[in-house]
Structures are given as structure tokens and as C-alpha cells.
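A look at the structure
Chain residues, written in single-letter form:
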Amino acid sequence: MDRVLGIDVGGTSIKVGLFTPEGELLEERKIPTPALTTDDAYAVVTSGITRVLSAHDSTPNDVIACGLDIPGPVAEDGTVGFLPNIELDPEGLVGAITAAFPRATVAFVNDANAAALGEMWAGSARGVQSFVLIALGTGVGAGVVVGGRLIAGAFGAGGEIGHITVERHETLTCGCGRHGCLEQYASAKGVVRLYLEECERRGVTPVHVEHATDTLSVFQALSAGDECAGIAIDKMCDYLALAMSQISCIVDPGMYLIGGGVAGGFATFAPRLRERFQELALSPCRDVKIEAAGLGNQAAMYGCAYEALRLRDEQ
């Protein structure tokens, strides 16, 4: 029986999802790996996948598609760009997977793009042809789907909305080397920074934050009536709504899905985000739905499996 693989590729492990071609997740399993740059490392991956298959009475020859989502750009032709956060030899890994699973069509997908495809296949965007998934995590990224097709861009930078300029007078430098990027205000790090800066400006003691991306503490402070937390979240929504209003002028999606770690507070900030979007958006775009993503941290795994399966069907 045919099987499809969706694999989250990380720096120290992979997360393997085994699917039916219809999108049913049969098993999810985490497999620790060394840096994926040697034959021994590739063997860890392929043998681990084979064990997952065996647990479901399947063989390597049953795998018809294998998608891999990675934290970096992937161009329209499947070319993988610079990967600053993981050690990976894409060609070597593809060669090993192709050798181990000879029927499989293999595809790399950017992780935010994969999350969008996952939501389209089996999540909150099922049946929606044009939408944007915005991932608010350590950084800010997006997966853009138009007419049921992912927009990766000529250089793999389609959906890099975290680097839309929303504050031209910002003096702090973004990780990309520019200034005033959305990521500086709407990422987890950005929200915590905005909160601590407001506390300092007012001369008040902030709640204890565990680390630079601890938005949970900021949202808890907001629930407890912390005015500085409220201002920080309002600023995040203002900048995010501004970026979304610009995206709508170009893409005109029918839905925005908000995912990533910051989306854990979506119910709290959604009213403000929707209100600000209504104020800023071009009038024909204001009816767009703004909702929470539905698949959580499984979305990218679903999405890369879907993309590999789609590529196979096109061949």
C-alpha cells in the first residue's frame, strides 16, 4: 500500500510523519540525528524511517513521496538556499533517500511554506484557494498560497514578510541587517523587547521573563492587568496589521492564519489585530478572515508531505 513521508529537518533530529496519500497521519516519530552531511548520518535517517514503516506493515518500496521541510529558502525549482541554522548537504540526503526509497518523489520545502500547505491539505485552510499563513515565532515568516499553489518566488524569498519595513525610523538593526522590519516587533523576541522597553520607559518593574522569547509571561502579565504588556501587544498588532494591509494589496487572500509560538495568545490579541486591520486595509480587502492556524507544530510536516505528493502527481 502506498505511503507518503513528511519530515521536519532540524539541527539535532528529524521528525518523521507517515501518511496515507489521502492525508491521514499514521505515526509521528522523532529521530535524533548527527549533522546531515555524511553517509553515516543519512543511514540514521533512512534506517529510522524504515523502522517507522515496518511498524505499519509497510516497506521502503511503498513510499511514493517524501517531503522535507527546512528552515531556509527553497526556490521554485527546488533549489535549496543558504541554511544558517542547520548542517545539511541537500544533495547527499536526497541521494540517500532516493536510494533507500526508489519509488519516492522527493521535495524540499521552506518550513513556513510547508506549514501553509499543511493547513491547506488538512487544517484550517482546507478548501481555501488563496490565503496567507503567518508564523510568529523566534522570527516572522509566511506561507503564501494563491489559487491553490504555493508562491515560493524566483529566489525562494516568497513569504519573507518578517522583513517588510514597517518602521522607517527604527535605529536597532534587524538580523537581516536592515532596520524597522516587522520581525523586530511581531516575533516572540520583538514582543518581549517591546514589553521590557515600555517598563523601562515608565520606570516600573517588569514581570520575570525566562528568556528573550518568553511571550507566555508577557501574555500572563496582560491577563493580570499589566499596562506595559497591553501596550506591547497593541504595538505588535499595529505593526502586524500594517504589514497585512500591504500584503492584501498584492495577494488579496481570502484568509490569514496566525501560527507559531506567539499564536498561543491569539484569542487575547485577535480583536485588536482585526480592528487595526480594518482601519488600515484597502476597502475591498477588509472582508478577509483572520483566524488561528489549526495544525500547530505538525503543520509543516503535513505540508511537505503534500508538496511531494503534488509533485509526483504532476510528473
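Before reading on, note that the structure itself is shown above.
In what follows, the accompanying structure is described. Keep in mind that what you see is a predicted model, and the values were worked out from it rather than measured. (Residues numbered from 1 in each chain as written. Predicted model: local features only at pLDDT ≥ 70, side-chain atom pairs only at ≥ 80, totals over all residues. Heavy atoms only, no water.)

Here the focus is the overall build of the protein. Across its full length, the protein holds nine helices and 10 strands. Relative to the compact-globule value of 20 Å for 315 residues, the protein shows a C-alpha radius of gyration of 20 Å, a close match. Taking the principal axes of the C-alpha coordinates as reference, the protein spans close to 60 × 40 × 35 Å. Scored against the burial criterion, the 315 residues of the protein give a buried share of 52%. Considering only intrachain contacts with a sequence separation of at least 6, the fraction spanning at least 24 residues in the protein is 62%. Of the roughly 13900 Å² of accessible surface on the protein, 51% is carried by carbon and sulfur atoms. Computed over 22 positive and 39 negative side-chain charges, the separation of the two mean positions in the protein equals 4 Å. (Helix = DSSP H or I, 4+ residues; strand = E, 2+ residues; numbered from the N terminus. Rg over C-alpha atoms; globule rule 2.2 N^0.38 Å. Buried < 20%, exposed > 50% of the residue type's maximum accessible area, 1.4 Å probe, protein only. Contact = heavy atoms within 4.5 Å. Areas by Shrake-Rupley, 256 points an atom, 1.4 Å probe, with all protein chains shown as cover. Lys, Arg positive; Asp, Glu negative; His and termini not counted. Charge placed at Lys NZ, Arg CZ, Asp CG, Glu CD.)

The next subject is the packing of aromatic side chains. Under the criterion given, the structure shown has eight aromatic pairs. Centroid distance Phe19 to Trp121: 5.7 Å. Interplanar angle 45 degrees. Geometry classified as tilted. Taken together, the residues span a long stretch of sequence, with Phe19 in strand β2 (residues 13–19) and Trp121 in helix α3 (residues 111–122) at a distance of 102 residues. Residue Phe19 is classed as buried on the basis of its relative accessible area, which comes to 0%. (Phe/Tyr/Trp six-rings, centres within 6.5 Å; stacked < 30°, edge-to-face > 60°.)

To continue, consider the packing of helix α5 (residues 188–202) against helix α7 (residues 227–250). Put simply, α5 and α7 touch, their axes get as near as 8 Å, and they point 135 degrees apart. Classified by the interaxial angle, the pair formed by α5 and α7 is oblique. Like other packed secondary-structure pairs, α5 and α7 cross with a definite hand, here right-handed. Of the residues in α7, those in contact with Val191, Leu194, Tyr195, Glu198, Cys199 and Arg202 of α5 are Glu227, Cys228, Ala229, Ile231, Ala232, Ile233, Lys235 and Met236. When its residues are assigned to classes, the contact of α5 with α7 shows 10 nonpolar, no polar and four charged. (Axes fitted to C-alpha atoms, helices over the stretch in contact; angles between N-to-C directions. Parallel < 35°, antiparallel > 145°, perpendicular 65-115°, else oblique. Left-handed = near helix turned anticlockwise from the far one by under 90°. Nonpolar A, V, L, I, M, F, W, Y, C, P; charged D, E, K, R; others polar.)

Between its terminal C-alpha atoms α5 stretches 22 Å, which fits the 21 Å expected from 15 residues at 1.5 Å a residue. Among the residues making up α5, those that are buried are Ala188, Gly190, Val191, Val192, Leu194, Tyr195, Glu198 and Cys199. On its buried face, α5 sits against α4 (183–186), α6 (215–223) and α7. Looking one or two places after α5, you find Gly203, whose phi comes out positive at around 70 degrees. (Expected span 1.5 Å × (residues − 1).)

Turning to the side chain of Arg3, a few remarks are in order. Topologically, Arg3 is positioned in strand β1 (residues 3–9). Although Arg3 is buried, it makes no salt bridge; Asp62 carries the closest opposite charge, 6.0 Å away. Ignoring sequence-local partners within four residues, the contact set of Arg3 consists of Leu18, Phe19, Thr20, Leu26, Leu53, His56, Ser58, Asp62, Val63, Ile64 and Ala65. (Salt bridge = Lys/Arg side-chain N within 4 Å of Asp/Glu carboxyl O.)

Strand order in the open sheet formed by five strands is β3-β2-β1-β4-β5, and the pairing between neighbours is mixed. Two strands in the sheet have a free side with no partner beyond their single neighbour: β3 (25–32) and β5 (105–110). Each adjacent strand pair in this sheet contributes to an overall mean axis angle of 20 degrees, direction not counted. One ladder, built from six bridges, connects β1 with strand β4 (residues 63–70); its direction is parallel. (Pairing = 2+ DSSP bridges.)

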